[in-house]
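# Descriptive structure summary
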Amino acid sequence: MPYFTHRHHGSSSKQATEQASDQTSYQALRQTGFTLLELLVVMVIIGLLAGYVGPKYFAQIGKSESKTAKAQVEALGKALDQYRLDTGRYPSSEQGLTSLNVAPADESRWHGPYLQKALPVDPWGKPYQYRSPGEHGDYDLWSFGKDGQAGGQDDAADIVSWQ
């Protein structure tokens, strides 16, 4: 009988230890979690940061598209200048910018292609506009900008070769 009592006593001691351990680990888990108030405060802070940083970030995207269009207009202008050096004149409005990659039928002194890749479209997916002779110089080369229409301000402003 003492053996049974001793065994029972050891068993209950083990159970008491496990219960105390479970209770301690439960309290530890409960203490490491976040309260609803803490989560709400963090979400408000993230929302405020997003409201402040978001518009500035998207404004930079619009500026980068305009910078890309300006760089492409300059590159096309250099290709047009190389075309003129070879042929003695700029391509006509009818020949257009495609004459930088494909020789016009009536041009014997063409030594292109003058662009390494296909003729680019502007960052908004529309073709560049070309006119020769131009109203502002030997040729006019431009993009209508984000809005796809003449004029505009900010990221909707036209990107032109003559400014």
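Up top is the structure.
Scoring rules and cut-offs
- Residues numbered from 1 in each chain as written.
- Predicted model: local features only at pLDDT ≥ 70, side-chain atom pairs only at ≥ 80, totals over all residues.
- Heavy atoms only, no water.
- Core = buried A, V, L, I, M, F, W, Y, C linked by side-chain atoms within 4.5 Å.
- Buried < 20%, exposed > 50% of the residue type's maximum accessible area, 1.4 Å probe, protein only.
- Helix = DSSP H or I, 4+ residues; strand = E, 2+ residues; numbered from the N terminus.
- Contact = heavy atoms within 4.5 Å.
- Pairing = 2+ DSSP bridges.
- Polar contact = N/O pair within 3.5 Å; in protein donor to acceptor, adjacent residues only side chain to side chain.
- Phe/Tyr/Trp six-rings, centres within 6.5 Å; stacked < 30°, edge-to-face > 60°.
- Patch = residues over 30% accessible without salt bridge, like charges linked within 9 Å, V, L, I, M, F, W, Y side chains within 5 Å.
- Areas by Shrake-Rupley, 256 points an atom, 1.4 Å probe, with all protein chains shown as cover.
- Salt bridge = Lys/Arg side-chain N within 4 Å of Asp/Glu carboxyl O.

### Thoughts on the nonpolar core
Of all hydrophobic cores here, the largest spans 18 residues; its most connected members are L76, L80, L97, L100, Y128, Y130 and L141. The leading source of residues in this core is helix α2 (residues 36–87), at six residues. Among residues more than four places away in sequence, those in contact with Y130 are L80, Y90, P91, S92, S93, G96, L97, Y139, D140, L141 and W142.

### Thoughts on the pairing of strand β2 (residues 140–143)
Strand residues, when the strand is regular, have side chains that alternate between the two faces of the sheet. Side chains D140 and W142 project from β2 onto one buried face, and the interleaved L141 and S143 project onto a second face that is buried too. Pairing between strand β1 (residues 129–131) and β2: three bridges, direction antiparallel. Along β2, the bridge assignment pairs Q129 with W142. Looking at chain direction, β2 and strand β3 (residues 159–160) are connected through two bridges and run antiparallel. What sits directly across from W142, in β3, is V160.

### Focus on the side chain of D140
Along the chain, D140 falls in strand β2. We classify D140 as buried; its relative accessible area is 0%. At 3.2 Å, the side chain of D140 forms a polar contact with the backbone nitrogen of H136. Once residues lying within four places of it in the same chain are set aside, the contact partners of D140 are Q129, Y130, R131, G134, E135, S161 and W162.

### Concerning the packing of aromatic side chains
For the structure shown, the criterion picks out six aromatic pairs. Members of the aromatic cluster, connected to one another through ring pairs, are Y83, W110 and Y114.

### Quick notes on a nonpolar patch on the surface
On the surface, L37, V41, I45 and L49 cluster together into a nonpolar patch covering about 390 Å² of accessible area. Examined against the element boundaries, I45 turns out to sit in helix α2.

### Re the pattern of salt bridges
Think of it this way: side chains of opposite charge can pair up when their charged atoms draw near. Taken as a whole and assessed by the stated rule, the structure comprises three salt bridges. Put simply, E107 and R89 hold a salt bridge, and the shortest N to O gap is 2.9 Å. Here E107, found in the loop between α2 and β1, pairs with R89, found in the loop between α2 and β1; they are 18 residues apart in sequence, far enough to count as distant. Looking at E107, the relative accessible area reads 12%, which means it is buried.

### Digging into the sheet that holds β2
The strands making up a sheet are joined through hydrogen bonds of the backbone, oriented either antiparallel or parallel. Across the sheet, which stays open at both edges, the three strands sit in the order β1-β2-β3 with antiparallel pairing between neighbours. Unpaired on one side and paired on the other, β1 and β3 mark the two borders of the sheet.

### Considering the environment of Y139
As for its placement among the helices and strands, Y139 is situated in the loop between β1 and β2. Here Y139 falls in the buried class, since its relative accessible area comes to 15%. When the C-alpha atoms of Y139 and Y90 are compared, they prove to be 7.5 Å apart, with 49 residues separating the residues in sequence. Those residues within four positions of Y139 in sequence are excluded, and the remaining contacts are G77, L80, D81, Y90, Y130, R131, S132, G134 and S161.

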